[in-house]
Amino acid sequence: MLTKTNNPDTSAANEARISDLLEQMTLKEKVGQLIQFSGFYDVTGPAPEGEREAQKHRLLQSGIIGSMLNVVGCDEVRTFQTWAVENSRLGIPMLFAYDVIHGQKTMFPIPLAEAASWDLDLIQQSARIAAIEASAQGLNWTYAPMVDVTRDARWGRVMEGAGEDPFLNAVIAEARVNGFQGDDLKARDTVASTIKHFAGYGFVEAGKEYNAAEIGTVTLFNTVLQPFRDVLQATNPRSVMNAFNTLNGIPATGDKVLQRDLLKEDWGFDGVVVSDWASAIEMIDHGFAEDSRDAARLAIQAGCDVDMESYVYLDHLEDLVVSGEVDMALVDDAVRRTLRLKLELGLFDDPYRYLDRDRERELLLSEAHLEASLSMARKSIVLLKNDGDTLPLRKQEKVALVGALAADKDAPLGNWRAQADAHSAMSVLEGFERAGLEFSYSEGVSVQVGEAGFEYPVMVNTGNRDGIEDAVAVARDVDKVVLVLGETARQTGEGRSRTELGLPGLQQELLEAIYAVNQNLVLVVVSGRPLVLSWADQHVPAIVQAWHLGHRSGQAITEVLTGQENPSGKLPMSFPRAVGQLPLYYNHLNTGRPNRREQVVWAHYSDVDNSPLYPFGHGLSYSTFSYSGLTVSIQSDHIAVNVTVTNESEIDGEEVIQLYIRDRVASIARPVRELKAFEKEMLKAKSSLVIELKLSARDFGFYGPDGAFRLEPGEFDIFVGGSSQTSLTQTIRLSSDQLRSLGQRSEIMK
Ligand code: GLC
């Protein structure tokens, strides 16, 4: 069993209670527990209409439905919970889920921005606060963290995850699960977490939303599944959400090998598998299910416990059991998992435990929570370039601030913003004002025409250039121009795949018009994904990646630009020179022709340099760090990697010391580098630290084409530095005996 259950006595008592309940339940009541309806106002997928909606209302009123999503607020939740507890025969309480992705009411930076902080404590705190606020609004289940490794910034949902590396995804997801669930799921300020999407959604072909994912076994096990198994090994997420996509031809929702054989049997997951929104019935469109009845059969047999908003379990599951096409034991197992979660959350003890209106009034958007969001935002900002120490801005410098996104109070809230009030973030312009800076402002060009909700396309401004002239005038005679350009909130997230990754609309035109009159530029990029910044890299001396940073975005960005905060973020995703390079990732294979040759016969593009514009793990500081004294030694139960890091500058600063390995020769080709450990440390000015990073035997192993874990002897290069491109390296040789003895002492999972 990989998954840690709660205290064994509690588990035994819970299981006995569930068995007793199952004995009493009718088949209809059991099926009801496996149905999840969305609330009626905040929908995150295609919503039902007409008679189907009336039927939904009747069923909810009957109290037979097991869970809901998108119902928020103590009063709203109480209404539905009262129906479940008082109107139904057995009074089984409901679960209430919501997409609390980067905050409930207080918005934190989007998950990809938080990942750029590499600060696991702050990330855990962010999830902790999100859980406190979500539970204060009656919720007890969040559909987060997303654990999809992503290598293609064309996919709009890269904003929701932790980027391209499986190890970084795993440790960040662990921090988030622990933040959401805390130490006690029965506590009123903790919620059940959901690791999602299982599996392969981050690998949709060409980054096209909902597209097919074709993933070979080696990549599937070593990159895509690895973070899920690591999170399950290290923590206890109480639910898993499957996925819309087909994985190698099989819709994840109907994939038995994935959900039942691997997740539930091999990995021992004892929580709830919930479908994605209508993903069960969408198996018809996939051409995998004949009709909705077939979809119900395929989903339950594959191990999908709860059907979110596709009605196939409602319409057919009872009949499938009665006809013998579906074994009652499968339904019982799914119901047991659902009831187990309700018991673990304490909902049977007190179904109204999350419905304290005083908590709702006092805890949402508190100053302490906003302060925590600011701390997270500060550490998520990545300084990509800073030629000639253009930054930080000097007090005496005359500054112009340009760009619609500089005054935008909505973009920093990002997509998947739960209950945040629109236009409620602090803008950069407000941050400048708050800091007492002297500056002039001009919008330049608008990015988005009108408002855009979660489900509708953004209208990008491609025709109105009126503001460029004024912006050029404002920029002409100042010492520095700070341009804030990039994506609005709804240009990222679900349904927001793009084929081009330049600055949307007329922003590039604005940038070049400003450059024509003043070359002392600072570009602040606001986006939910890596954009193509090649022109800016060649022309703009300072570039800051500021993502969508939540409620205190403007203050965090201002503090970094003025030097009050020394930037310490590192990229969790590679930034491409051109969109044609995608998918792009640092942990790639070497190929048989990796080296430049005179002829064209080597692994490259003829029109763009192979390398990323900014690599994974890259991020500058106002300090200057150097590395020396790298040593690698084999200890009894681990490999010790020691290095001295020095802050050569007069400015205190934080550095993320990263450790990568390369398996030089193995039974399958291995990546040129793989992140295996890191530490974020504060180094005082003119000081040094000796850092020890540890590697276990497992860090040297991998899953072969047969999906089996392997440890093979040989030479391994160890790299340590402030980016995946570091050249500081040592090589070690590990024999079979050494690996075996290391493996026996350190925990190796199969
Ligand atoms: C959405 C997303 C999923 C989310 C669910 C409920 O379509 O794919 O991540 O949790 O529906 O909102």
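Cut-off values and rules
Residues numbered from 1 in each chain as written. Predicted model: local features only at pLDDT ≥ 70, side-chain atom pairs only at ≥ 80, totals over all residues. Heavy atoms only, no water. Helix = DSSP H or I, 4+ residues; strand = E, 2+ residues; numbered from the N terminus. Rg over C-alpha atoms; globule rule 2.2 N^0.38 Å. Buried < 20%, exposed > 50% of the residue type's maximum accessible area, 1.4 Å probe, protein only. Contact = heavy atoms within 4.5 Å. Near = heavy atom within 4 Å. Polar contact = N/O pair within 3.5 Å; in protein donor to acceptor, adjacent residues only side chain to side chain. 1 Å grid on protein atoms, 1.4 Å probe; cavity = no way out; pocket = protein on both sides within 12 Å on 5 of 7 lines; lining within 4 Å. Sits in = over half its atoms within 2 Å of the grid points. Pairing = 2+ DSSP bridges. Axes fitted to C-alpha atoms, helices over the stretch in contact; angles between N-to-C directions. Phe/Tyr/Trp six-rings, centres within 6.5 Å; stacked < 30°, edge-to-face > 60°. Lys NZ or Arg CZ within 6 Å of the ring centre and 35° of its normal. Points joined across faces, edges and corners; volume = space filled by probe spheres on them. Nonpolar A, V, L, I, M, F, W, Y, C, P; charged D, E, K, R; others polar. Domains from an automatic or database assignment. Buried area = accessible area lost by both parts, 1.4 Å probe.

Caption draft 1: View of the overall build of the protein chain. Looking only at helices and strands, the protein chain features 23 helices and 27 strands. On C-alpha atoms alone, the protein chain measures out to a radius of gyration of 26 Å, which is about the 27 Å that the 2.2 N^0.38 rule sets for 750 residues. Counting only C-alpha atoms and orienting by the principal axes, one finds that the protein chain spans roughly 75 × 65 × 50 Å. Counting over 750 residues, the protein chain shows a buried share of 63%. Counting contacts in the protein chain only where the partners sit at least 6 residues apart, residues at least 24 apart contribute 78% of the total.

Caption draft 2: Molecular detail of the site of the ligand. Residues in contact with the ligand amount to 14 residues; listed here are only the nearest, T44, D99, R157, H197 and D276. Contacts to the ligand include R157, whose side-chain N or O atom sits 2.7 Å from an oxygen atom. A distance of 2.7 Å separates an oxygen atom of the ligand from a polar atom in the side chain of H197. When atoms are counted within 2 Å of each cavity's grid points, the one that captures over half of the ligand is the largest cavity.

Caption draft 3: Examining the sheet that holds strand 20 (residues 639-647) more closely. The three strands lie next to each other as 19-20-23, forming an open sheet whose pairing is antiparallel. Each edge of the open sheet is held by one strand with a lone partner, namely strand 19 (625-634) and strand 23 (687-695). Averaged over all neighbouring strand pairs, the angle between strand axes comes to 20°, with direction disregarded. Pairing geometry for strand 19 and strand 20, over eight bridges, is antiparallel. Looking at strand 20, one finds that S633 is bridged to A640.

Caption draft 4: Local environment of the packing of aromatic side chains. Here the structure, examined in full by the defined rule, presents 21 aromatic pairs. With a centroid separation of 5.4 Å and an interplanar angle of 85°, the aromatic rings of F80 and W83 are classed as edge-to-face. Here W83 and F80 lie together in helix 4 (residues 74-87), a separation of three residues that amounts to about one turn. The buried category is assigned to W83, whose relative accessible area is 16%. A cation sits over an aromatic face here: R151 above Y585, 3.5 Å from the ring centre. The aromatic ring of W416 is capped on one face by K196, whose charged end is 5.6 Å from the ring centroid.

Caption draft 5: How the structure looks around helix 10 (residues 256-266). Taken together, the buried positions of helix 10 are L258, Q259, R260, L262, L263 and K264. A side-chain oxygen of the first residue of helix 10 lies 3.1 Å from the backbone nitrogen of V257; this N-cap is D255. In the stretch just after helix 10, G268 is the one whose phi turns positive, near 70°.

Caption draft 6: Spatial organisation of the pairing of strand 26 (residues 714-721). Most of strand 26 is tucked away, with seven of its eight residues classed as buried. One ladder, built from six bridges, connects strand 21 (residues 653-663) with strand 26; its direction is antiparallel. Within strand 26, the position partnered with L659 by the bridge is V720. Strand direction decides the pairing type here: strand 26 and strand 27 (residues 729-734), joined by six bridges, are antiparallel. By the bridge assignment, E715 is partnered in strand 27 with R733.

Caption draft 7: Quick look at the sheet that holds strand 27. Taking strand neighbours across the sheet as the criterion, the four strands line up as 22-21-26-27 in an open arrangement whose pairing is antiparallel. Edge positions in the sheet fall to strand 22 (674-683) and strand 27, since each has one partner strand and no second. Across this sheet, the average inter-strand angle for adjacent strands is 20°, counted without regard to direction.

Caption draft 8: Representation of the layout of surface pockets in the model. If you add up the space inside the second largest pocket, you get close to 430 Å³. Lining the second largest pocket are 18 residues, with T44, G45, P46, Y210 and E494 positioned closest to its centre. Grouping the amino acids of the lining of the second largest pocket by side-chain chemistry returns nine nonpolar, four polar and five charged.

Caption draft 9: Spotlight on empty space enclosed by the protein. Taken as a whole and judged by the stated rule, the model has four cavities of 30 Å³ or more. Taken as a whole, the largest cavity holds about 100 Å³ of empty space. Around the largest cavity, the lining comprises 14 residues; the ones closest to its centre are T44, D99, D276, W277 and W416. Of the residues belonging to the lining of the largest cavity, the class tally is seven nonpolar, two polar and five charged. Of the voids in this model, the second largest cavity is the one considered here, and its volume is about 50 Å³.

Caption draft 10: Here's a closer look at the domain arrangement of the protein chain. Considered domain by domain, the protein chain is made up of domain 1 (374-581) and domain 2 (625-746). Taken over C-alpha atoms, the centre of domain 1 sits 35 Å from the centre of domain 2. Residue-level contacts link four residues of domain 1 with nine residues of domain 2. Between domain 1 and domain 2, roughly 490 Å² of surface is buried when both sides are summed, and carbon and sulfur atoms account for 38% of that area. Broken down residue by residue, the surface that domain 1 buries against domain 2 is led by N566, S568 and K570, which jointly contribute 82%.

Caption draft 11: Structural detail: unusual backbone geometry. The omega torsion of the bond from K196 to H197 falls at -5°, within 30 degrees of zero and hence cis. Here H197 is to be found in the loop between strand 5 (194-195) and helix 8 (217-224). Cis geometry marks the peptide bond from F198 to A199, where omega comes out at 10°. With respect to the secondary-structure elements, A199 resides in the loop between strand 5 and helix 8. The backbone of H423 shows a phi angle near 55°, a positive value even though the residue is not glycine. The residue H423 is located in the loop between helix 17 (404-407) and helix 18 (428-434) in this model. You can call H423 partly exposed: its relative accessible area is 38%.

Caption draft 12: Summary view of the environment of L343. One can find L343 in helix 14 (residues 328-344). Sequence separation between L343 and H423 is 80 residues, and the spatial gap between their C-alpha atoms is 39 Å. Not counting residues within four places of it along the chain, the set of residues in contact with L343 comprises N14, R17, I18, K186 and F348.

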